[in-house]
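A look at the structure
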Amino acid sequence: MTSKDKLLKKIFGALEGVDIKQSKFVSKIDNQKEIKPEDTMPFPSRNVHENKINYGKGLDYIYGTKPLSNQADYPEGLNPFASALQKIKPSAEKLSWLKSAVVRAKSPNELHKAVDEALAAGARLNACNDGEWSFAEYVVLGTHFHRLEKSDRKKLIRKVMLSGAEFHDTLLQNKLIGEIYNELQPEAQPQIDERLEELEKAGESAVQEGELIDIEIDNKMLFMEFSEDSKVEVAKILRELGSNILKMGNNAVEVKSEKGDIRNYTDMSNGSSVMLEFPTSIGKLNIVLYQEADQVQVRVENKEMWAELQKRGEEIGKNCLFGGVKLKETVERGSFTRCGIWSEKQKEVSEKLFSWADKVRENSKETCRAL
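Definitions and limits used
- Residues numbered from 1 in each chain as written.
- Predicted model: local features only at pLDDT ≥ 70, side-chain atom pairs only at ≥ 80, totals over all residues.
- Heavy atoms only, no water.
- Helix = DSSP H or I, 4+ residues; strand = E, 2+ residues; numbered from the N terminus.
- Contact = heavy atoms within 4.5 Å.
- Areas by Shrake-Rupley, 256 points an atom, 1.4 Å probe, with all protein chains shown as cover.
- Buried < 20%, exposed > 50% of the residue type's maximum accessible area, 1.4 Å probe, protein only.
- Phe/Tyr/Trp six-rings, centres within 6.5 Å; stacked < 30°, edge-to-face > 60°.
- Patch = residues over 30% accessible without salt bridge, like charges linked within 9 Å, V, L, I, M, F, W, Y side chains within 5 Å.
- Salt bridge = Lys/Arg side-chain N within 4 Å of Asp/Glu carboxyl O.
- Lys, Arg positive; Asp, Glu negative; His and termini not counted.
- Charge placed at Lys NZ, Arg CZ, Asp CG, Glu CD.
- Axes fitted to C-alpha atoms, helices over the stretch in contact; angles between N-to-C directions.
- Parallel < 35°, antiparallel > 145°, perpendicular 65-115°, else oblique.
- Left-handed = near helix turned anticlockwise from the far one by under 90°.
- Nonpolar A, V, L, I, M, F, W, Y, C, P; charged D, E, K, R; others polar.
- Pairing = 2+ DSSP bridges.
- Polar contact = N/O pair within 3.5 Å; in protein donor to acceptor, adjacent residues only side chain to side chain.
- Expected span 1.5 Å × (residues − 1).
- Arc of directions from axis to C-beta.

Focus on the overall build of the protein
The helix and strand tally for the protein stands at 12 helices and 14 strands. Taking contacts inside the protein between residues at least 6 apart in sequence as the whole, the part at least 24 apart equals 60%. Of the roughly 18400 Å² of accessible surface on the protein, a fraction of 47% belongs to carbon and sulfur atoms.

Brief notes about unusual backbone geometry
Glycine aside, the phi torsion of most residues is negative, and most peptide linkages are trans. Even without glycine at this site, asparagine 219 takes up a positive phi of about 55 degrees. In this fold, asparagine 219 is placed in the loop between β2 (212-218) and β3 (221-226). Here asparagine 219 falls in the buried class, since its relative accessible area comes to 9%.

Things to note about the packing of aromatic side chains
This model, assessed by the stated rule, comprises three aromatic pairs. Both rings, one in phenylalanine 322 and one in phenylalanine 336, keep their centres 6.3 Å apart while their planes meet at 55 degrees; by these two values the pair is tilted. Placement of phenylalanine 322 in strand β11 (residues 320-322) and of phenylalanine 336 in strand β13 (residues 335-337) is noted, with a sequence separation of 14 residues between them. Of the two residues, phenylalanine 322 and phenylalanine 336, both sit in the buried class. One aromatic cluster is present, built from ring pairs that chain together Tyr265, Phe322 and Phe336.

Remarks on a negative patch on the surface
Judged by side-chain charge, Asp193, Glu194, Glu197, Glu198, Glu200 and Glu204 come together as a negatively charged surface patch. Checked against the element boundaries, glutamate 204 lands in helix α10 (residues 175-206).

A word on the packing of helix α5 (residues 92-104) against helix α7 (residues 135-145)
Here α5 crosses α7 at 20 degrees, and the two axes come no closer than 9 Å. Between α5 and α7, the angle is such that the two are roughly parallel. In the packing of α5 onto α7, the handedness of the crossing is right-handed. Contact with α5, carried on its side by Leu95, Leu98, Lys99, Val102 and Val103, involves Phe135, Tyr138, Val139, Gly142 and Phe145 of α7 and no other residues of that element. Residues that form the contact of α5 with α7 fall into these classes: eight nonpolar, one polar and one charged.

Observations regarding the pattern of salt bridges
This model, assessed by the stated rule, comprises 15 salt bridges. When the shortest N-O distance is used, the salt bridge between glutamate 225 and lysine 247 registers 3.6 Å. Residue glutamate 225 is located in strand β3, and its partner lysine 247 is located in strand β5 (residues 243-248); the two are separated by 22 residues in the primary sequence. Its relative accessible area of 18% is what places glutamate 225 among the buried residues. Exposure remark for lysine 247: the relative accessible area of 22% places this residue in the partly exposed category. A network of salt bridges, in which partner residues are shared, links Lys150, Lys154, Glu179 and Glu183.

Regarding the sheet that holds β2
As summarised here, the arrangement of the seven strands in space is β2-β3-β5-β6-β7-β11-β12, forming an open sheet in which the pairing is mixed. If you trace the sheet from one side to the other, it starts and ends with β2 and β12 (325-326), each paired once. Looking at chain direction, strand β7 (residues 262-268) and β11 are connected through three bridges and run parallel. Counted as the bridge partner of asparagine 264 is leucine 321 from β11. Contacts from α10 reach β2 and β3, with the element oriented near 140 degrees to β2.

Focus on the side chain of histidine 168
As for its position among the elements, histidine 168 is in the loop between α8 (150-162) and α9 (169-172). At 3.0 Å, the side chain of histidine 168 forms a polar contact with the backbone nitrogen of threonine 170.

A closer look at the environment of glutamine 185
If you trace the backbone, glutamine 185 turns up in helix α10. The partly exposed category is assigned to glutamine 185, whose relative accessible area is 23%. For glutamine 185 and leucine 162, which are 23 residues apart along the polypeptide, the C-alpha to C-alpha distance reads 9.3 Å. Residues within four places of glutamine 185 in sequence aside, it is in contact with Met161 and Pro190.

Quick word on helix α6 (residues 108-120)
With 13 residues, α6 should cover 18 Å at 1.5 Å per step; its first-to-last C-alpha distance of 18 Å lies within 8% of that length. Of all the positions in α6, only Leu111, His112, Ala114, Val115, Ala118 and Leu119 are classed as buried. In a view along the axis of α6, the buried residues occupy a sector of 160 degrees, so they form one face of it. Summarising the geometry of α6, the exposed residues directed more than 90 degrees from the buried face are Asn109, Lys113 and Ala120. The elements touched by buried residues of α6 are α5, α7 and α8.

Some remarks on α7
Most of α7 is tucked away: 11 of the 11 residues are buried. Of the residues making up α7, those classed as buried are Phe135, Ala136, Glu137, Tyr138, Val139, Val140, Leu141, Gly142, Thr143, His144 and Phe145. Arginine 147, located one to two residues past α7, shows a positive phi value of around 55 degrees.

Next up, the structure:
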């Protein structure tokens, strides 16, 4: 085993909770920086490794893979102790970019900026692929990697905690991080609970049939699960300028809240199908959405009613988009390309598609139900 292998083994072992003091090996690679006695989680110097780190992996290179849960080892994606939202895997490319921003930061201010930009962009803080650290956990590791003072660490951890961040127990076992977490928890938890309570009331008021089962939030993403037979008034539950996952039984749809009170249906989980119900001057019009490969198929249930509405020049779903496109055009095309959380490429829809959206105001109340 080479000296490098031995060093990495010690690093990985220490992160898993083995009691190895930092001074035993960090001083060998960076003896110019002061070692803080209260900070026992070991980490190499950023400067020494800067040119060797693949920023797509970042701190994964230093700390290794994320430790397994305290629970038994489950097949990929099947851990029953993971939350429903965490089971939806993130874009590897996007998560890698976010992690790179943490590693590349040259100062506390740059690290604060990276976190602020991620929060503003609606990044999922707890999303991670199996064996990897989440962005929120990367922020914690980054405060160690960049050797921040406790005050700066506390500010950064506070930001992500107030947005719903959760951390693996391994990180909280570190004396300083655990201390900061315990100091912030009495402030953060009541605010998260209050937000969930407000969302629960909104979710229950939106249910026309069925019942609300579960609610989760991760920064600007909302997850709501309803019983399989539910009928839900979508507009009542969407969070402002964020992404919303509505699940009914085994069917799930993603709806993004855009500027101008626009609801943009962007994606569906594999095998899902839902029906949207729009009020019109001659009755309720049903639009069926179902996932097929990289497309979401769009079908009008009552074609005669649709034809009559087109003759009258009546616009249905003025405040709705489907993959960034108006309902009429989407129906004519017959489908739209998946561009949300479950799509393989998770493409960003061009801003040009939303350039008109600010002029639109809500004047329909479509409802959504699983087929």
